[in-house]
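Examining the three-dimensional arrangement
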Amino acid sequence: MTTLRAFTCDDLFRFNNINLDPLTETYGIPFYLQYLAHWPEYFVVAEAPGGELMGYKFVHSCSLSYRVEGKSCDPTSIPPVVELFLFVVMGKAEGSVAREEWHGHVTALSVATEFRRLGLAAKLMELLEEISERKGGFFVDLFVRVSNQVAVSMYKQLGYSVYRTVIEYYSASNGEPDEDAYDMRKALSRDTEKKSIIPLPHPVRPEDIE
């Protein structure tokens, strides 16, 4: 059975099978530690029965209670299994409540190649949305490369839409041009009029993002 649990510092030495994917953004260790310190409930890893890390996600802010195979469980009570990841998710909560911009943000969502097409990404996104609902968020957002049409299509199937295009959001290497990103959003129940997902009529630059 796939197990969802809180990401730990030790996992930083175990998730290379996920991060080696060319479309997965890789960060420095201080960045991951910052998320572990500030938004631990939004930093989740999935393990296969044999201990493989299947993937991860990280997002911003919240309280914690996960549903795995229809059961409610506290990730902090799940004993760590040994060895490999299936997927990971990482995120946070941010924005202004007064301006109706308080929201959950998906910083990273990645599933190991051998465990894709099993619905794991959808389960992690559902988890993030539930946490953001409990935190009183108006919407959930994420950034994705314009060229990554597989991911764009998946997010659209999960109810996300393109809110705006961010010009040259992703830095390139080897002399290639920087790549644009889509800022995709999904309104939560607090945004009853769906104002948070009304598309902007023009693109923005990274420095224009609050």
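Shown above is the structure to which this text applies.
Presented here is an overview of the structure given in this document. Not measured: the values here are computed from a predicted model. (Residues numbered from 1 in each chain as written. Predicted model: local features only at pLDDT ≥ 70, side-chain atom pairs only at ≥ 80, totals over all residues. Heavy atoms only, no water.)

Here the focus is the overall build of the protein. Each helix and strand in the protein was counted, giving four helices and 10 strands. The burial tally for the protein puts 48% of its 210 residues in the buried class. Considering only contacts within the protein whose residues lie at least 6 apart along the sequence, 73% involve residues at least 24 apart. Split by element, the accessible area of the protein, about 10600 Å² in all, is 54% carbon and sulfur. (Helix = DSSP H or I, 4+ residues; strand = E, 2+ residues; numbered from the N terminus. Buried < 20%, exposed > 50% of the residue type's maximum accessible area, 1.4 Å probe, protein only. Contact = heavy atoms within 4.5 Å. Areas by Shrake-Rupley, 256 points an atom, 1.4 Å probe, with all protein chains shown as cover.)

Our focus in this paragraph is the pattern of salt bridges. Per the counting criterion, the structure on display carries nine salt bridges. Across the pair Arg 99 and Glu 101 runs a salt bridge, and its minimum N-O distance is 3.8 Å. Residue Glu 101 is classed as partly exposed on the basis of its relative accessible area of 28%. Taking the shortest distance from any N to any O, the salt bridge between Arg 164 and Asp 183 comes out at 2.7 Å. Separated by 19 residues along the polypeptide, Arg 164 in strand E9 (residues 161–170) and Asp 183 in strand E10 (residues 179–187) bring together distant segments of the chain. Linked through salt bridges whose partners overlap, the residues forming this network are Glu 168, Arg 205 and Glu 207. (Salt bridge = Lys/Arg side-chain N within 4 Å of Asp/Glu carboxyl O.)

A few words on the environment of Asp 183. Its relative accessible area of 0% is what places Asp 183 among the buried residues. Along the primary structure Asp 183 and Ser 161 are separated by 22 residues, whereas in three dimensions their C-alpha atoms are 8.4 Å apart. One polar contact links Asp 183 to Arg 164, side chain to side chain, over a distance of 2.7 Å. (Polar contact = N/O pair within 3.5 Å; in protein donor to acceptor, adjacent residues only side chain to side chain.)

The backbone of Glu 100 sits at a positive phi, close to 60 degrees, despite the residue not being glycine. Note on placement: Glu 100 falls in the loop between strand E6 (85–94) and strand E7 (103–111). The residue Glu 168 is not glycine, and still its phi comes out positive at about 50 degrees. In this structure, Glu 168 sits in strand E9. Given a relative accessible area of 36%, Glu 168 falls into the partly exposed group.

As a further point, take the side chain of Ser 196. Checked against the element boundaries, Ser 196 lands in the segment after E10. A distance of 2.6 Å separates polar atoms of two side chains, one belonging to Ser 196 and the other to Asp 191. Once residues within four sequence positions are removed from consideration, Ser 196 is found in contact with Phe 138, Phe 139, Tyr 163, Arg 185, Ala 187 and Asp 191.

What follows concerns the environment of Pro 40. Among the secondary structure elements, Pro 40 is positioned in the loop between helix H2 (29–38) and strand E2 (44–47). Each C-alpha atom, one on Pro 40 and one on Thr 8, is 8.8 Å from the other, the two residues being 32 residues apart in sequence.

Between its terminal C-alpha atoms helix H3 (residues 120–134) stretches 22 Å, which fits the 21 Å expected from 15 residues at 1.5 Å a residue. All buried positions along H3 are accounted for by Leu 120, Ala 121, Leu 124, Met 125, Leu 127, Leu 128, Glu 129, Glu 130, Ile 131 and Ser 132. Just past H3, the residue Gly 136 takes up positive phi, approximately 80 degrees. (Expected span 1.5 Å × (residues − 1).)

Along the chain, Glu 126 turns up in helix H3. Once the C-alpha coordinates of Glu 126 and Leu 158 are considered, the two residues, 32 residues apart in sequence, prove to be 8.8 Å apart.

Bringing the pairing of E10 into the picture now. Relative to E10, strand E8 (residues 139–145) runs antiparallel, the two being bridged by seven bridges. Considered in E10, the bridge of Asp 141 is made with Arg 185. (Pairing = 2+ DSSP bridges.)

As a further point, take the packing of aromatic side chains. As enumerated under the stated definition, the model contains five aromatic pairs in all. Taking the centre distance of 4.6 Å and the plane angle of 20 degrees together, the rings of Phe 143 and Tyr 169 count as stacked. Highlighted residues: Phe 143 in strand E8 and Tyr 169 in strand E9, separated in sequence by 26 residues. On the accessibility criterion, Phe 143 (17% relative accessible area) is buried. With relative accessibility at 32%, the residue Tyr 169 sits in the partly exposed group. A connected cluster of aromatic rings, assembled from ring pairs, spans Phe 31, Tyr 32 and Tyr 35. (Phe/Tyr/Trp six-rings, centres within 6.5 Å; stacked < 30°, edge-to-face > 60°.)

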